[in-house]
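# Descriptive analysis of the structure
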Amino acid sequence: MTACAIAHLQEAAPHPEIIEYIERIPATFEPYGGHFLVHATQHEVKEGNWPGHAVLIGFPGIKEARAWWDSPAYQEIAPLRSRHIEGDIILVEGVPKDYDPTSTAKAMREALPAD
């Protein structure tokens, strides 16, 4: 199953370290099969509040996503971003192509207290 690194990053003033980070990050995830799915694109808020930017990096699986995050190459450049941009970053495993959400709904329904 695929996996993603998802970042919700706040707006930040331009800084040379951020530019360096952006220039160097692709080389850190490429050995793990990673690639940008979303980066430097506009988003449209449909519900709630989403200030800042969204970044998604796709990986073949969660193992590769974790290996990328923990890699010396990424950890070396991460401070270039984190010193200047606040945000939240998660790694999340995808679902199989044949995923059926009704099975999740069924399990939730069965867990409801009996009337």
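Quick summary incoming for the structure in this document. Quantities reported herein were computed from a predicted structural model and do not represent experimental measurements.

On a plain count of helices and strands, the protein comes out with four helices and four strands. When the elements of the protein are put in sequence order from the N terminus, they spell out β-α-β-β-α-α-β-α. Scaling as 2.2 N^0.38, a compact globule of 115 residues should have a C-alpha radius of gyration of about 13 Å, whereas the protein reaches 17 Å, well beyond that. Taking all 115 residues of the protein together, 25% fall into the buried category. When the accessible area of the protein is evaluated, it comes to approximately 8200 Å², of which 57% is carbon and sulfur surface. For the protein, the distance from the average site of its 9 positive side-chain charges to the average site of its 17 negative ones is 4 Å.

Below, the discussion takes up the nonpolar core. With 19 residues, the main nonpolar core has I25, I57, F59, W68 and Y74 as its most contacted residues. Discounting residues that sit within four places of it in the chain, Y74 has contacts with Y21, I25, T28, W68, W69 and R81.

Conventions and cut-offs
- Residues numbered from 1 in each chain as written.
- Predicted model: local features only at pLDDT ≥ 70, side-chain atom pairs only at ≥ 80, totals over all residues.
- Heavy atoms only, no water.
- Helix = DSSP H or I, 4+ residues; strand = E, 2+ residues; numbered from the N terminus.
- Rg over C-alpha atoms; globule rule 2.2 N^0.38 Å.
- Buried < 20%, exposed > 50% of the residue type's maximum accessible area, 1.4 Å probe, protein only.
- Areas by Shrake-Rupley, 256 points an atom, 1.4 Å probe, with all protein chains shown as cover.
- Lys, Arg positive; Asp, Glu negative; His and termini not counted.
- Charge placed at Lys NZ, Arg CZ, Asp CG, Glu CD.
- Core = buried A, V, L, I, M, F, W, Y, C linked by side-chain atoms within 4.5 Å.
- Contact = heavy atoms within 4.5 Å.

Keep in mind these numbers describe shape, not what the thing actually does.
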